Amino acid sequence: MPSIAQPAVKTGVTHLFIPGPTNIPESVRQAMNVPMQDMRAPDFGDLTLGLFDDLRRVFRTETGRVILYPGSGTGAWEAAITNTLSPGDKVLMSRQGQFSALWVAMARHLELDVEVVDVAWGAGTPVKEFARRLQDDTEGRIKAVFVTHNETATGVTSDVAGVRRALDEAYHDALLFVDAVSSLASLDFRMDDWRVDLAVSGSQKGLMLPAGLGILAISQRALEASRTARSRRAYFRFEDMLKPNETGYFPYTPPTQLLVGLRASLDRIFAEGLENVIARHHRLAEGVRRGVAAWGLGLVAEHPSLYSDTVSAVRVPQGVDAREVIRTAYHRFRTSLGTGLGPLDGRAFRIGHLGDLNEVMCLSALGAAEMALVTAGARIELGAGVGAAQAHYCDAGPAARQPIAIAAE
Ligand SMILES: *Cc1c(COP(=O)(O)O)cnc(C)c1O
């Protein structure tokens, strides 16, 4: 690795374009700077009850319950499994990247009988193959089907509604588990419409907070299943949490500052409008993708229908080491890009484009990536990606529709 001179003083900001933790809005960061609170105070529910209601709106569920565990998305995965399934239960899962692979590994640690469908990294959840296996399962041995809505390692968004249709068409009553860690509050997610039973998320992605909350939305069917499921669970027992939650309290110490921050981030999301948040992610992502196309590089995602609006995994050209691109971006241009995970190590880097983000931030991500790519030996034209994204943002934004008023004297 060539030695890179480190400046004595770091000026300006460090740029963060990884798919979580994401950038935290300044107002949310400031909101969390509060003294410690009494989590048994008589008015504590004034804060927490609204959070449960508003998170239901983000998950788009009217009948589901939301739990906030101190932890991260991975903890919420575990809570979802141990509360609703029993050792030896057959479950249907696919592996299409690092996160779906880790969920399979966890399910096995928890002694589920996992039927895995391996697909290429870059493909989505194989809906047709799932449909076939569900049709074949006439005895109903499959107790749950798992979908990673947005595979963060590959930048692939899968068709959760399609999996729900496959279940319905097979008249199959398996529970539907969805990992929504890198999709909630940034991609279209519909718990009730898709009849998702367990939706898992975390605080540090679309919700624009520090890591520290494992967030779970649970359907009434899943709550029913939790009454008879036999997996061992202690800290994560739903019932221990749900009872005190009804009046806004927790059975153990909640991270109160994160809850205050969550209030602030939810307020921002609703002020912008959830639909607008989702549309913004699409517009920004599309600009990034046009930039990548202008470099002549490809995405790991196999097909445009799979492109993720929260993260793009970019394949580097032959002879270029993606690790070098990431190192150069970080050391020389103070920009964090996401690494290539698992088999993509060295072959791809990722641009996280979710959370508190705007057009110019995306241009800076592309600009830094361009410089790092060229430094690492890629033959791309400097400015090509930035220009393509600029063209998209001008056309797609309201600014382009305003007539330009230049005094013509
Ligand atoms: C980030 C992420 C996780 C893991 O969440 P943690 O909060 O790091 O435990 C799981 N699944 C997906 C799709 C993710 O993007």
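My aim in this report is to walk through the structure given alongside it, one point at a time.

Each value, and the rule that gives it
- Along each chain, residue indices are assigned from 1 in the same order as the chain's sequence is written.
- Given that the model is predicted, a residue must reach a pLDDT of at least 70 before its local features are reported, and side-chain atom pairs must reach 80 or more before they are shown or counted; all residues, however, enter totals for whole chains, interfaces and linings.
- In computing side-chain values, all of the structure's heavy atoms are included and hydrogens and water are not.
- The criterion for a residue being near a molecule or strand is simple. One of its heavy atoms has to lie within 4 Å of it.
- Think of a polar contact as two N or O atoms within 3.5 Å of one another; within protein, one of them needs to be a possible hydrogen donor and the other a possible acceptor, and neighboring residues in sequence only count if both atoms come from side chains.
- Note on areas: these come from Shrake-Rupley sampling with a 1.4 Å probe, and a residue is covered only by the protein chains present in the view.
- When residues are sorted by character, Ala, Val, Leu, Ile, Met, Phe, Trp, Tyr, Cys and Pro go into the nonpolar class, Asp, Glu, Lys and Arg into the charged class, and all the rest, Gly among them, into the polar class.
- Fitted lines through C-alpha atoms give the axes, limited to the stretch in contact for helices. The angle between two N-to-C directions lies from 0 to 180 degrees.
- Each helix is a run of DSSP H or I of at least 4 residues and each strand a run of E of at least 2, with the numbering of both proceeding from the N terminus.
- Roughly parallel means an angle under 35 degrees; roughly antiparallel means over 145; roughly perpendicular covers 65 to 115; every other angle is labelled oblique.
- We call a crossing left-handed when the near helix sits turned anticlockwise from the far one by less than a right angle, and right-handed when that turn is clockwise.
- For this analysis, residues touch if any pair of their heavy atoms sits within 4.5 Å.
- Take a side-chain nitrogen of Lys or Arg and a carboxyl oxygen of Asp or Glu: if they are within 4 Å of each other, that pair is a salt bridge.
- Each residue's exposure class comes from its accessible area (1.4 Å probe, protein chains only) as a fraction of the maximum for that residue type: buried when under 20%, exposed when over 50%, partly exposed otherwise.
- Only strands joined by at least two bridges in the DSSP assignment are considered to pair.
- Seen with the strands pointing away from the viewer, any crossover whose path from the first strand over the helix to the second strand runs clockwise is right-handed.

### Some thoughts on the site of the ligand
Phase 1 of the analysis: Neighbouring the ligand are the residues Ser72, Gly73, Thr74, Trp77, Phe99, Asn150, Thr152, Asp179, Val181, Ser182, Gln204 and Lys205.
Phase 2 of the analysis: The separation between an oxygen atom of the ligand and a polar side-chain atom of serine 72 is 2.5 Å.
Phase 3 of the analysis: Protein chains bury 89% of the 380 Å² of accessible surface belonging to the ligand in isolation.
Phase 4 of the analysis: The residue makeup of the shell around the ligand, split by class, is three nonpolar, seven polar and two charged.

### Section: the packing of helix α2 (residues 45-59) against helix α9 (residues 256-272)
Phase 1 of the analysis: The geometry of α2 relative to α9 is characterised by a closest axis approach of 10 Å and an angle of 45° between their N-to-C directions. Comparing their axes, α9 and α2 come out oblique. The element α2 and its partner α9 pack so that their crossing is left-handed. For the pair α2 and α9, contact is made by Leu47, Thr48, Gly50, Leu51, Asp54, Leu55, Arg57 and Val58 and by Leu259, Val260, Leu262, Arg263, Leu266 and Phe270, respectively.

### Examining the side chain of arginine 65
Phase 1 of the analysis: Within the secondary structure layout, arginine 65 lies in strand β2 (residues 65-70).
Phase 2 of the analysis: Separated by 3.2 Å, the side chain of arginine 65 and the backbone oxygen of leucine 242 make a polar contact.
Phase 3 of the analysis: A distance of 3.4 Å separates a polar atom in the side chain of arginine 65 from a polar atom in the side chain of glutamate 246.
Phase 4 of the analysis: Ignoring any residue separated from it by four or fewer positions in sequence, one finds arginine 65 in contact with Leu216, Ala217, Ile218, Leu223, Leu242, Asn245 and Glu246.

### Considering the pattern of salt bridges
Phase 1 of the analysis: Under the counting rule described, the total for this entry stands at 34 salt bridges.
Phase 2 of the analysis: For glutamate 26, the salt bridge is made with arginine 29, and the minimal N-O distance between the two is 2.9 Å. Taken together, the residues glutamate 26 and arginine 29, both in helix α1 (residues 26-31) and three residues apart, mark about one turn of the helix.
Phase 3 of the analysis: Residue arginine 29 is classed as partly exposed on the basis of its relative accessible area, which comes to 47%.
Phase 4 of the analysis: Connected through shared salt-bridge partners, Lys90, Asp113, Glu115, Glu129, Arg132, Arg133 and Asp136 make up one network.

### Some remarks on the pairing of strand β3 (residues 90-95)
Phase 1 of the analysis: Most of β3 sits inside the fold, with five of its six residues counted as buried.
Phase 2 of the analysis: Here six bridges tie β3 to strand β4 (residues 113-118), and the two strands are oriented parallel to one another. Counted as the bridge partner of serine 94 is valine 117 from β4.
Phase 3 of the analysis: One crossover worth recording links β3 to the parallel β4 by way of helix α4 (residues 98-109), and it is right-handed.
Phase 4 of the analysis: Pairing between β3 and strand β5 (residues 142-148): three bridges, direction parallel. Residue leucine 92 lies in a different strand from β5, and its bridge partner there is valine 145.

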